[in-house]
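As a plain string of letters, each chain reads:
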Amino acid sequence: MLPEVTATRYVTPLREGGSLPGIVEADDLGTYVMKFTGAGQGRKTLVAEVVCGQLARGLGLRVPELAVIELDPVIGRGEPDPEVQALLKASGGLNLAMDFLPGALGFDPLAFETDPAEAGRVVWFDALVGNVDRSWRNPNLLVWHGQLWLIDHGATMIWHHNWPTAAAAAGRAYDASDHVLASFAPDIAAAAAELAPRVTEELLTAVVSDVPDEWLEGEPGFDGPDAVRRAYVDVLLERAAGIGGRITLGERSAEKPSQAPEWVRVRLDGRAGKK
Ligand SMILES: Nc1ncnc2c1ncn2[C@@H]1O[C@H](COP(=O)(O)OP(=O)(O)O)[C@@H](O)[C@H]1O
Ligand SMILES: [Mg+2]
């Protein structure tokens with residue numbers, strides 16, 4: 001079970017990504033990033049956040065703590081932006097909260113380093129869950145107290161948007177050439193050897209039990225929330241066994257323009273030369 005808190009104040013929207021999460025305060029005096037059931041692809045995104053976030057944590061990767069958060073849309077009454085108003089109105093009830101990491105910086109591959117072991121673990125994990133949102137342009141990695149933290153797992157497990165495709169998805173390859181950590185020589189073989197045996201039925205069952213029933217109810221073709229949970233376990237268990245050998249790691253294409261200023265690019269060139 002994830003902790004349950006109640007939102008007490010809507011502080012501000014976060015506009016970087018696109019799903020318009022909000023910073024909120026809650027009755028446990030915590031500050032959270034809140035992801036709304038009423039946003040874009042709705043509750044599936046939140047299910048993905050829970051499944052991937054808890055799985056990553058279970059494998060020893062750093063992910064901010066998750067909680068389920070009760071929202072009474074009335075707390076946003078003073079919010080002037082009609083887009084935010086609409087989102088809050090559509091999201092009464094249970095939503096997802098992620099512990100807000102104050103002062104965290106977005107990971108910039110030109111300004112931060114990571115070692116091949118850690119890069120390998122992150123790439124392998126993203127391959128396992130089919131994460132398409134850890135790219136050069138949109139890393140969804142934070143640096144906090146000098147360490148890498150994983151956020152934003154909404155765009156993963158594409159198969160859960162169309163369950164009849166899930167069996168085929170279990171064996172699908174992962175193209176990591178656009179991955180933000182692709183240039184850090186990720187040691188995927190080492191990561192697979194370390195992590196694949198840890199993706200057990202027991203771990204996955206614990207992970208999916210953290211998803212609230214009401215985000216799993218009414219899924220076509222399933223006889224209730226536990227049957228849907230089982231389906232997540234089955235795909236991920238099968239994927240874990242073979243995905244390490246199906247990750248492509250091409251060179252990041254040279255024509256992709258750097259958005260960094262000249263002095264940072266000089267640094268990058270120096271690093272590339274060292275390898
Ligand atoms: N736990 C967190 N702590 C601090 N900042 C965060 C946290 N989660 C998200 N952010 C910031 O908010 C932005 C948007 O959040 P994200 O989860 O990526 O949502 P989306 O991309 O779906 O809009 C992130 O790029 C990051 O800058
Ligand atoms: Mg994002």
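None of the values given here were measured: they were computed from a predicted structure. (Residues numbered from 1 in each chain as written. Chains lettered and ligands numbered in written order. Predicted model: local features only at pLDDT ≥ 70, side-chain atom pairs only at ≥ 80, totals over all residues.)

### Digging into the overall build of the protein
- Helix and strand counts for the protein stand at eight helices and 10 strands.
- By the compact-globule yardstick of 19 Å for 275 residues, the protein fits well, its C-alpha radius of gyration being 19 Å.
- Considering only contacts in the protein between residues 6 or more positions apart, those separated by 24 or more positions represent 74%. (Helix = DSSP H or I, 4+ residues; strand = E, 2+ residues; numbered from the N terminus. Rg over C-alpha atoms; globule rule 2.2 N^0.38 Å. Contact = placed C-beta atoms within 7 Å.)

### Some points on the domain arrangement of the protein
- Along its sequence, the protein is carved into domain 1 (4–104) and domain 2 (106–274).
- One C-alpha centre belongs to domain 1, the other to domain 2; they are set 21 Å apart.
- Counting residues at the interface gives 27 residues for domain 1, matched by 31 residues for domain 2.
- Among the elements that line the side of domain 1 that touches domain 2, the one with the most residues is helix 1 (residues 43–58), at 15 residues. (Domains from an automatic or database assignment.)

### Some points on the pairing of strand 1 (residues 4–13)
- Relative to strand 4 (residues 66–71), strand 1 runs parallel, the two sharing three bridges. Opposite threonine 6, over in strand 4, you have glutamate 70 as the bridge partner.
- Pairing analysis gives five bridges linking strand 1 to strand 2 (residues 22–26), with the strands arranged antiparallel. For threonine 12, the partnering residue across the bridge sits in strand 2 and is isoleucine 23. (Pairing = 2+ DSSP bridges.)

### Things to note about the sheet that holds strand 5 (residues 93–99)
- Spatially, five strands are ordered 1-2-3-5-4 in a closed barrel, and the strand pairing comes out mixed. If you compare each strand with its neighbour and ignore which way they point, the axes differ by 55° on average.
- Of the pairings in the sheet, the one linking strand 3 (residues 31–35) to strand 5 comprises four bridges and is antiparallel in character. In the strand pairing of strand 5, valine 33 is matched with methionine 98. (Axes fitted to C-alpha atoms, helices over the stretch in contact; angles between N-to-C directions.)

### Section: the site of ligand 1
- Near ligand 1 there are 19 residues, and of these Leu14, Gly17, Ser19, Leu101 and Asp152 occur at the shortest range.
- Shared between two domains, the shell around ligand 1 takes at least three residues from each, and those domains are domain 1 (4–104) and domain 2 (106–274). (Near = placed C-beta within 6 Å.)

### Here we look at unusual backbone geometry
- Even without glycine at this site, leucine 20 takes up a positive phi of about 55°.
- Along the chain, leucine 20 turns up in the loop between strand 1 and strand 2.
- Backbone geometry places leucine 29, a non-glycine residue, at a positive phi of 70°.
- With respect to the secondary-structure elements, leucine 29 resides in the loop between strand 2 and strand 3.

### Quick word on the sheet that holds strand 6 (residues 105–106)
- If you trace the three strands from one edge of the open sheet to the other, you get 6-7-8, paired in antiparallel fashion. Edge positions in the sheet fall to strand 6 and strand 8 (147–150), since each has one partner strand and no second.

### Some remarks on the nonpolar core
- With 65 residues, the main nonpolar core has Val51, Ile69, Ala97, Val123 and Trp124 as its most contacted residues.
- There are two domains that each give this core at least three residues, and those are domain 1 (4–104) and domain 2 (106–274). (Core = buried A, V, L, I, M, F, W, Y, C linked by C-beta atoms within 7 Å. Buried ≥ 20, exposed ≤ 12 C-beta atoms within 10 Å, placed from the backbone.)

### Side note on the pairing of strand 8
- With four bridges joining them, strand 7 (residues 141–144) and strand 8 adopt antiparallel strand pairing. When the sheet's bridge partners are listed, leucine 141 is paired in strand 8 with leucine 150.
- With antiparallel pairing between neighbouring strands as the criterion, strand 7 and strand 8 make up a hairpin whose turn holds two residues, including histidine 145 at a positive phi of roughly 50°.

### Considerations on the packing of helix 1 against helix 6 (residues 201–209)
- Two elements in contact, helix 1 and helix 6, have axes whose closest approach is 9 Å; the angle formed by their N-to-C orientations is 140°. The orientation of helix 1 with respect to helix 6, classified from their angle, is oblique. Here helix 1 and helix 6 pass one another in a crossing that is right-handed. Packed against helix 1, whose contacting residues are Val51, Gln54, Leu55 and Gly58, the element helix 6 presents Leu203, Val207 and Val208 at the interface.
- Here the residues of the contact of helix 1 with helix 6 sort into five nonpolar, two polar and no charged. (Parallel < 35°, antiparallel > 145°, perpendicular 65-115°, else oblique. Left-handed = near helix turned anticlockwise from the far one by under 90°. Nonpolar A, V, L, I, M, F, W, Y, C, P; charged D, E, K, R; others polar.)

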